[in-house]
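Understanding the architecture of this molecule
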Amino acid sequence: ANRESWSSRVGDFSKARKSLERKPLSIERTKGSEILFGIAPCSLALSQSRRDLFRLFLKQSSGSRRLVMSEFVLQAMARGVPVHHVKRRELDALCRGQVHQGVCLEATPLRFKSLEEAEKPDLGDEESPNRQLIWLVLEQIQDPMNLGALLRSAYFLGVDRVVTSQKNSCPLTPTVSKASSGAMEVFDVYSTDDLRSFLKAKTAEGWEVVGTVSKPEDVENVPVISCLEFQWNKPVIIVIGSEGDGLSLETQLLCHRMLAIPPGRVLHPGIESLNVSVATGILLHSICSQKLRHGD
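An unreviewed UniProt entry annotates the protein as rRNA methyltransferase 1, mitochondrial originating from Charadrius vociferus. As recorded by UniProt, the Subcellular location (unreviewed entry) comment attached to the protein reads in full: "Mitochondrion". One UniProt comment on the protein, placed under Sequence similarities (unreviewed entry), says "Belongs to the class IV-like SAM-binding methyltransferase superfamily. RNA methyltransferase TrmH family."

See below:
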């Protein structure tokens, strides 16, 4: 009987110790801050001056990650950001179980820029006669993973500006930054509360507004062409619609043409469209590659 009670006490002690180990250290957050996570977002946020930075949290590490972590310490020192070495479970708690790769950074959020603050500084650039501009406009993209992937593709492929609709759109969260592989930290994202007036104004300035559609038969009153046939010789805006519904009818009617991606086979019902960020990557590559050829 004594042996049984001893072993149950040992069992209780072991459970208590495990629960203490599981309970992460509570880290008080600075008011108004958010937690960036992942190597690319944190490194790029440290290298830019776009956020106020409060603290860098690094996983106590050895082996292959040590060099990466020492680079982070140097970056943080250069910006005067305090560094805290913490256990993995504390990082897990800080970013609520996201994939942090051993790095979290406490910083102020990034906001969308308004188009008004954007127009003037770029004018010199945009007035050069041979400049082929391409802007990407996002109408009601709500999924942070999609928004991040869209920003990553736009940055990589050479889009000049990204503009989102304010209504029903995902904000610039740490999840978006991670999904963009840090592109959000270096690439300005603009926002408008009146997408239709914005598109009308750009049309009046001589831009072509091009929509996107997954099912050509759903479009009325706007010509639909394959993205492979699309050619452009003036500044162009590509408008991408929301994940579920695509472009709203009002926005479609402001487009000069609609682009579709031709499938490579007869498709089964239910798998007739692409994820919005994948489709946008294909369209942007098709359009931006013309820009490169014209620049040669």
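Take the nonpolar core next. Counting 31 residues, the largest nonpolar core has Leu136 and Val162 as the members making the most contacts within it. Counting residues per element, the ones that place at least two in this core are strand S6 (134-138), helix H7 (144-157), strand S11 (236-240) and helix H11 (276-295). Looking at this core element by element, the count peaks at five residues for H11. Other than its neighbours up to four places away in sequence, Leu136 contacts Ala154, Val159, Arg161, Val162, Val163, Ile238, Ile240, Thr280 and Leu284. Counting 21 residues, the second-largest nonpolar core is a separate cluster that includes Leu133, Val163, Val219 and Ile237.

Look at Gln101: it is not a glycine, yet its phi comes out positive at around 55°. Within the element layout of this structure, Gln101 appears in the loop between helix H4 (88-94) and strand S4 (103-107). A positive phi angle, close to 55°, is found at Asn168, a residue other than glycine. Inspection of the secondary structure puts Asn168 in the loop between strand S7 (161-165) and helix H8 (174-179). Judged by relative accessible area, which is 41%, Asn168 ranks as partly exposed.

About the criteria used
- Residues numbered from 1 in each chain as written.
- Predicted model: local features only at pLDDT ≥ 70, side-chain atom pairs only at ≥ 80, totals over all residues.
- Heavy atoms only, no water.
- UniProt positions renumbered as here; feature names shortened; annotations may be inferred.
- Core = buried A, V, L, I, M, F, W, Y, C linked by side-chain atoms within 4.5 Å.
- Buried < 20%, exposed > 50% of the residue type's maximum accessible area, 1.4 Å probe, protein only.
- Helix = DSSP H or I, 4+ residues; strand = E, 2+ residues; numbered from the N terminus.
- Contact = heavy atoms within 4.5 Å.

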